[in-house]
Amino acid sequence: MLLHRGKFQRELDEELRLHLDLREQQQREAGLSATSAHRTARRKFGNPTVLRENSHMAWGWNWLETFLQDVSYGIRSLLRSPALTTVALLSLGLGIGANTAIFSFIDAVMLRSLPIKNPAQLVVLGEGDEDGVTDRYGSTTLYSYPFYRQFQQKNEVFSDVATIDSMNANPYGTIDRRDQMEPMMIDIVSGTFFSTLGVEPAMGRMFTDDDDTTEGDHPVIVISYAWWQRAFAGDPNVLHHTVKLGDTTFNIVGVTPPGFFGIMVGHQPDLWVPMSMMKAIPPHSSGYNDNFFQSNLILGRLKPGVTHAQAEANVNVLYQQIIRAFPDAKLNAYNLQHLQKAHVPLTSLATGLSYLRRGFSDPLKILMGVTALVLLIACANIANLLLARSTARAREFAVRQALGARRIRLIRQLLTESLILALAGGLLGILFAVIADRLLLRMISGGFDADPIPLDVSLNLRLLLFTLFATIGTAVLFGIVPALRASRVEVTESLKDGRGSSHAPTRTPLGKALVIGQVALSLVLTVAAMLFLRSLVNLTHVDTGFARTGVLRLDIDSNVVGLKSDDPRMIAMFRQIEQRIAALHGVKGASFASFFFHQGSWNGSVNVPGAGYNERIDVRHNVIGDDYFKTLQIPVLAGRTFGTQDTATSHRVAIISESMARDLFPAGVNPVGRHYFMGHDPLPETDVEVIGVVKDVKFGSLDEPQEYVDYVPNPQHPSGYGALAVRYEGDFHVVSSGVQQAIHSVNRTLPIRHITTLDAQVQRTITNQRLVAQLSAFFGLLAIFLSSIGIYGLMSYLVSRRTNEIGIRMALGAARSNVRWLVMRDVVILIVIGIVVGVPVTLLGSSLVSSMLYGLQAADPLSLIAAILALLLVALFAGYLPARRASRVDPTVALRYE
Amino acid sequence: MAALVNRSSSPTEDRDEIPPGTLYLLILKTIAVRGRLHGYEIAESIQQNSDEVLQVEEGSLYPALQRMLLKGWVTAEWGVTAGNRRARYYTLTPDGHKQLHLEVSQFQRVMGAIGRIIQTA
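Student: Sorry if this is basic, but what is going on with the environment of Phe469 of chain A here?
Tutor: Residue and element names in this part refer to chain A. Summarising the element assignment, Phe469 is placed in helix α14 (residues 461–487). Here Phe469 falls in the exposed class, since 11 other C-beta atoms lie within 10 Å of it. As for Phe469 and Phe207, which are separated by 262 residues in sequence, their C-alpha atoms are 43 Å apart.

Student: Would you take a moment to explain the pairing of strand β3 (residues 172–175) of chain A for this structure?
Tutor: Side-chain positions along a regular strand alternate between the two faces of the sheet. Residues and elements named next belong to chain A. In terms of strand pairing, β3 meets strand β4 (residues 182–183) through 2 bridges, oriented antiparallel. Note that in β4 the partner of Tyr172 across the bridge is Pro183. Once β3 ends, the chain turns through 6 residues before running back antiparallel as β4, passing Asp176 with a positive phi of about 50 degrees. Pairing geometry for β3 and strand β8 (residues 242–245), over 3 bridges, is antiparallel. Among the inter-strand pairings, Ile175 is bridged to a residue of β8, identified as Val243.

Student: Where do I start with the domain arrangement of chain A in this structure?
Tutor: A common way to state how big an interface is: give the accessible area lost once the parts meet. Residues and elements named next belong to chain A. On domain assignment, one finds that chain A holds domain 1 (5–60), domain 2 (70–111 + 360–496), domain 3 (119–350), domain 4 (508–540 + 764–898) and domain 5 (558–750). Taking the mean C-alpha position of each, domain 4 and domain 5 sit 55 Å from one another. The interface is formed by 4 residues belonging to domain 4 together with 4 residues belonging to domain 5. Of the residues contributing to the side of domain 4 that touches domain 5, the split by class is 3 nonpolar, 1 polar and no charged.

Student: Can you walk me through the interface of chain A and chain B in this structure?
Tutor: The partner chain B presents 18 residues to the 18 residues of chain A that form the contact. Counting only elements with at least two residues in the side of chain A that touches chain B, the list comes to α1 (5–29), α2 (34–45) and α3 (48–58) of chain A. It is α1 of chain A that provides the largest number of residues to the side of chain A that touches chain B, a total of 7 residues. Taken together, the residues that form the side of chain A that touches chain B break down as 8 nonpolar, 5 polar and 5 charged.

Student: Hey, could you run me through the sheet that holds strand β1 (residues 37–38) of chain B in this one?
Tutor: Within a beta sheet, neighbouring strands are joined by backbone hydrogen bonds and run either parallel or antiparallel to one another. Residue and element names in this part refer to chain B. As summarised here, the arrangement of the 3 strands in space is β1-β3-β2, forming an open sheet in which the pairing is antiparallel. Sheet topology places β1 and β2 (74–80) at the edges, where each strand pairs with a single neighbour. Relative to strand β3 (residues 86–92), β1 runs antiparallel, the two sharing 2 bridges. Following the sheet pairing, Leu37 is matched in β3 by Tyr90.

Student: Hey, could you run me through unusual backbone geometry in this one?
Tutor: Negative phi values dominate among residues other than glycine, just as trans dominates among peptide bonds. A positive phi is found at His754 of chain A, a non-glycine position, where the angle reads about 55 degrees. Here His754 of chain A is to be found in strand β24 (residues 752–757). Here His754 of chain A falls in the partly exposed class, since 14 other C-beta atoms lie within 10 Å of it. Located in the positive-phi region is Asn84 of chain B, a residue other than glycine, with phi close to 60 degrees. As for its position among the elements, Asn84 of chain B is in the loop between β2 and β3.

Student: Sorry, what's going on with the nonpolar core here?
Tutor: General note: in soluble globular proteins, nonpolar side chains tend to be found buried as a group. Residue and element names in this part refer to chain A. Counting 161 residues, the largest nonpolar core has Ile221 and Val374 as its most contacted members. Considering each element in turn, this core owes the most residues, 19 residues, to helix α11 (residues 355–392). Discounting chain neighbours no more than four positions away, the residues touching Val374 are Gly95, Ala98, Phe779, Leu782 and Ala783. Grouped together as the second largest cluster of nonpolar side chains are 56 residues, Val693, Val709, Val735 and Leu758 included.

Student: Explanation requested: the pairing of β2 of chain B in the structure shown.
Tutor: Residues and elements named next belong to chain B. Judged from the 7 bridges that link them, β2 and β3 form a sheet pairing that is antiparallel. Within β3, the residue paired with Trp78 across the bridge is Arg88. Hairpin remark: β2 followed by β3, antiparallel, with 5 residues in the connecting loop; positive phi at Asn84, about 60 degrees.

Student: Explain the environment of Pro713 of chain A here, please?
Tutor: All names here are of chain A. Considering the arrangement of structural elements, one finds Pro713 in strand β22 (residues 708–713). In this structure, the C-alpha to C-alpha distance between Pro713 and Thr647, residues 66 residues apart in sequence, is 8.2 Å. Contact partners of Pro713, with chain neighbours within four places excluded, come to Ile624, Phe642, Asp646 and Val653.

Student: Can you help me understand the confidence of the model for chain A in this one?
Tutor: Close inspection of predicted coordinates is inappropriate for parts of the model with low pLDDT. Per-residue confidence for chain A averages 87 on the pLDDT scale, and 97% of its residues sit at or above 70. Note on residues 500–506 of chain A: pLDDT under 50 across the span, and 7 contacts to partners over four residues away in sequence or across chains.

Student: Would you mind going over the packing of helix α1 (residues 23–34) of chain B against helix α2 (residues 39–49) of chain B with me for this structure?
Tutor: Two quantities define a packed helix pair, namely the angle between the axes and the distance from one axis to the other. Residue and element names in this part refer to chain B. For the pair α1 and α2, the least separation of the axes is 10 Å and the interaxial angle reads 100 degrees. By the angle between their axes, α1 is roughly perpendicular relative to α2. Contacts from Leu26, Ile27, Thr30, Ile31 and Arg34 of α1 reach α2 at Ile42, Ser45 and Ile46. In the contact of α1 with α2, the residues fall into 5 nonpolar, 2 polar and 1 charged.

Student: How do you make sense of the confidence of the model for chain B when you look at a structure like this?
Tutor: Per-residue confidence for chain B gives a mean pLDDT of 80; residues scoring 70 or more make up 81%. With a pTM of 0.79, the predicted complex shows an ipTM of 0.79.

Student: Honestly, helix α25 (residues 861–887) of chain A in this entry has me stumped. Any pointers?
Tutor: An α-helical turn contains 3.6 residues, so any two residues separated by three or four positions project in the same direction. Residues and elements named next belong to chain A. The terminal C-alpha atoms of α25 lie 38 Å apart, and with 27 residues this matches the ideal 39 Å at 1.5 Å per residue to within 8%. The largest bend along α25 reaches roughly 25 degrees and is located at Tyr880, with the proline Pro882 sitting one to four residues downstream. Along α25, the residues classified as buried are Ser863, Leu864, Ala867, Leu871, Ala875, Ala878, Gly879, Pro882, Ala883, Ala886 and Ser887.

Student: For this particular structure, what's the right way to read helix α9 (residues 308–325) of chain A?
Tutor: Residue and element names in this part refer to chain A. Over its 18 residues, α9 runs 26 Å from end to end, which matches the ideal 26 Å to within 8%, given 1.5 Å per residue. Looking at α9, one finds that the buried residues are Ala311, Val315, Tyr319, Ile322 and Ile323. For α9, the angular spread of buried residues about the axis comes to 85 degrees, placing them on one side. Residues Ala309, Ala313, Gln321, Arg324 and Ala325 are exposed on α9 and point more than 90 degrees away from its buried face. Contacts made by the buried residues of α9 are with β1 (122–125), α6 (145–154), β11 (296–302), α10 (333–341) and β12 (346–348).

Cut-offs and rules
- Residues numbered from 1 in each chain as written.
- Chains lettered and ligands numbered in written order.
- Predicted model: local features only at pLDDT ≥ 70, side-chain atom pairs only at ≥ 80, totals over all residues.
- Helix = DSSP H or I, 4+ residues; strand = E, 2+ residues; numbered from the N terminus.
- Buried ≥ 20, exposed ≤ 12 C-beta atoms within 10 Å, placed from the backbone.
- Pairing = 2+ DSSP bridges.
- Domains from an automatic or database assignment.
- Contact = placed C-beta atoms within 7 Å.
- Nonpolar A, V, L, I, M, F, W, Y, C, P; charged D, E, K, R; others polar.
- Core = buried A, V, L, I, M, F, W, Y, C linked by C-beta atoms within 7 Å.
- pLDDT = per-residue confidence, 0-100.
- Axes fitted to C-alpha atoms, helices over the stretch in contact; angles between N-to-C directions.
- Parallel < 35°, antiparallel > 145°, perpendicular 65-115°, else oblique.
- Expected span 1.5 Å × (residues − 1).
- Bend = angle between axes of the 7 residues up to and from the residue.
- Arc of directions from axis to C-beta.

Written out as structure tokens, the structure is:
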């Protein structure tokens with residue numbers, strides 16, 4: 001009907017015309033004159049316009065047509081006030097866009113289900129939040145491969161069980177016979193992994209349980225779709241290609257479907273290797289047959305009809321049985337105690353596991369709150385602007401009501417205008433969100449020069465629905481009250497000439513309340529921004545114990561050399577590299593180490609004779625080169641550092657941190673020269689002599705409590721190092737190329753990667769705090785800006801209404817400054833009330849985020865005062881402009897303006 | 001059913017209102033009797049067959065006809081009048097016939113009841 005409206009009208013017109021002509025003809029035949037026949041015919045007929053409309057309305061599309069009418073009228077009237085429309089669109093776009101961007105991250109990191117079959121049925125044993133390897137009894141998150149095999153056979157509640165190595169390997173390998181080795185991200189999984197997850201191959205086949213039954217003779221791999229496209233350019237013959245890792249050549253047997261990444265959100269492996277081949281891949285783990293090499297996560301798919309509680313019960317019973325039944329289980333009192341206390345919870349795997357969640361779920365939630373508040377402020381602004389506009393349009397509405405429009409019709413039209421504004425703002429917001437997402441991903445990944453985390457934050461349906469919901473919500477929020485107000489017009493009053501006072505009192509209390517609300521919310525956001533910024537500054541000034549500027553860092557992969565780590569040639573190679581680099585111009589020291597900062601840890605307990613043994617104390621062990629302390633400029637407080645006299649055969653030595661010397665050794669005695677055991681049992685092979693004490697350092701993160709650290713030299717605890725640090729002076733790039741040349745002069749095949757500075761790595765560890773601080777500062781400024789627009793708008797309106805009164809005052813002798821003060825008084829009252837309302841809300845809000853602050857409490861008075869002052873300044877300025885305008889009013893003009 | 005009634009405008013014409021709700025009935029019956037009519041003919045027919053007692057405001061026929069088209073009681077097609085003018089002719093559908101029977105019986109029921117009350121008074 002809509003489409004054929006023209007045709008319908010024409011045909012109807014023709015019918016009506018015929019009728020009128022025939023009637024006219026009949027009247028003329030009855031004897032009337034031509035003109036009176038004409039008139040009579042029309043009189044008998046009735047009002048053709050109404051009839052046409054009724055005929056058309058009978059078809060029932062009326063509502064849609066009036067809606068389209070409203071839309072086009074709304075667009076026209078919005079275009080007629082471009083300033084308001086632009087401000088409204090920008091504030092809405094930023095508000096909705098910010099919300100959408102943050103929500104897309106929340107969705108990707110915390111809410112989205114894994115792209116596998118029926119993710120709700122999957123669970124993982126334990127909390128799923130550990131990675132590494134442990135041999136302690138009572139470990140409920142990490143399990144050994146033999147445990148998995150027994151568990152798979154004996155359990156009654158899972159239809160499929162699989163296991164995956166918790167540590168992600170990142171060695172270098174060779175594709176086919178290419179010259180260059182490439183770094184590859186590898187996940188080591190059981191043969192049942194893909195079938196448990198229900199993954200169908202995009203090409204070839206996935207692993208089966210057979211690929212995992214015997215160690216070492218299943219050199220097959222499955223590659224990811226993304227890697228297939230990237231490294232093989234999507235070659236359809238990829239199943240004929242091979243990958244060489246270590247000494248073993250693997251055949252590619254399948255490709256996973258696009259979008260599949262396993263179970264760790266934010267981690268995209270390039271290929272999967274079966275557990276049976278774990279020894280062939282660096283780091284050549286021998287955990288396949290080791291009952292207590294506990295490094296794997298176990299996941300399972302619940303049988304239909306089995307409840308969580310039933311499964312948990314069965315799992316715990318099996319857990320105790322399997323461990324105690326291991327032939328080499330050391331069931332002494334210590335271990336038994338831990339075993340008995342162990343309880344294995346089952347954690348749902350529907351949204352996968354993610355290291356990102358640990359770091360970012362709180363910041364993301366806070367940012368979501370921040371952006372929601374900004375959106376509220378923007379809505380308040382738009383509501384105020386619309387209220388002002390509707391007062392100006394009072395006359396238009398009066399006329400329409402006088403002509404017969406019902407109030408509902410007017411409200412519907414105003415709501416449609418709000419909806420158009422909101423939808424346009426929403427579209428703009430989606431655009432902002434797409435840009436912001438890319439920016440945010442870069443920020444979360446730790447900067448623009450870092451690799452972006454493989455997180456999919458592109459637009460999807462859930463995101464668009466969220467935006468739609470936000471848009472309609474904001475439209476209703478800022479549109480409904482102005483719509484109700486505008487349509488409640490007294491027809492006769494408004495149509496009278498002049499400014500009746502009838503509609504004046506109704507607008508301003510609401511407008512003032514909105515502005516007060518904006519000021520309060522801005523205070524909350526500004527204080528939050530201050531708190532986070534100061535937290536960040538505190539963090540960056542933490543004394544790490546080592547001098548972190550002027551140190552180059554890089555990683556090598558020593559596995560490609562093909563030697564075992566305790567081979568004297570390997571140990572000599574590291575020494576030689578260190579010496580060659582130290583001889584370079586501009587280099588003040590070079591050293592390898594297992595860990596520099598935030599690289600993981602190797603923990604253990606220590607047994608100090610003479611002091612009580614406390615198993616709860618974890619000491620972090622670090623294997624280092626001789627010049628470690630010189631390179632990092634960590635002060636040596638007593639004794640000496642390692643040197644050439646500490647070899648594989650000399651007596652075993654260690655250097656301890658100062659807090660370890662103070663707390664773990666008997667008081668009052670110099671620890672240098674004393675012995676202790678690295679481990680729980682006093683075995684001769686764990687006995688070391690303390691030869692030095694060094695200052696405490698930060699080991700894993702800037703805000704960690706003080707940690708105990710001890711150091712051992714590489715020859716006595718051989719480890720295939722990867723990490724190298726070089727202290728230098730001068731130009732970074734010059735030194736960097738010199739260092740790389742020096743390394744290659746010792747061994748040409750060593751791959752070098754992750755060339756950066758120690759300072760950059762330290763900075764990377766506070767990425768989420770930096771993210772929150774930067775974004776909350778940005779949104780705080782935005783909030784203040786929007787609020788000042790709100791204040792300016794409201795005060796301009798009030799001033800314009802009081803033009804008359806001001807004119808009279810000035811004519812009676814008031815000075816300009818009196819008039820200014822008259823207006824400013826209102827502004828000050830508004831702002832003060834806003835701040836007073838905002839302070840308790842702020843204190844409440846800050847107490848919610850106190851866990852994220854460092855070095856200051858939530859109710860920090862300095863931040864509060866600074867924020868109040870900043871807000872006052874900006875808001876007073878915003879209110880001053882209309883006040884100044886008011887004082888410039890020419891009395892004669894004002895008086896004439898009736 | 002909105003039947004706008006024409007209040008008599010000239011002293012010589014003295015028409016009565018049609019009771020509300022009977023416009024459809026009149027149109028249906030008129031078309032049923034004559035088979036195929038256009039709008040003007042329907043109006044004339046009602047006027048004449050009522051011996052000039054009933055006069056419907058002629059324009060109100062057209063919205064009513066549109067509604068009847070929507071409800072499927074009549075169909076319309078373009079044809080040519082005797083005077084060689086294009087006109088839209090309406091005919092009843094089987095649904096229309098059914099509706100006519102319904103309305104007639106309802107009308108007779110109501111009128112019968114009213115008549116009984118009047119007679120007893």
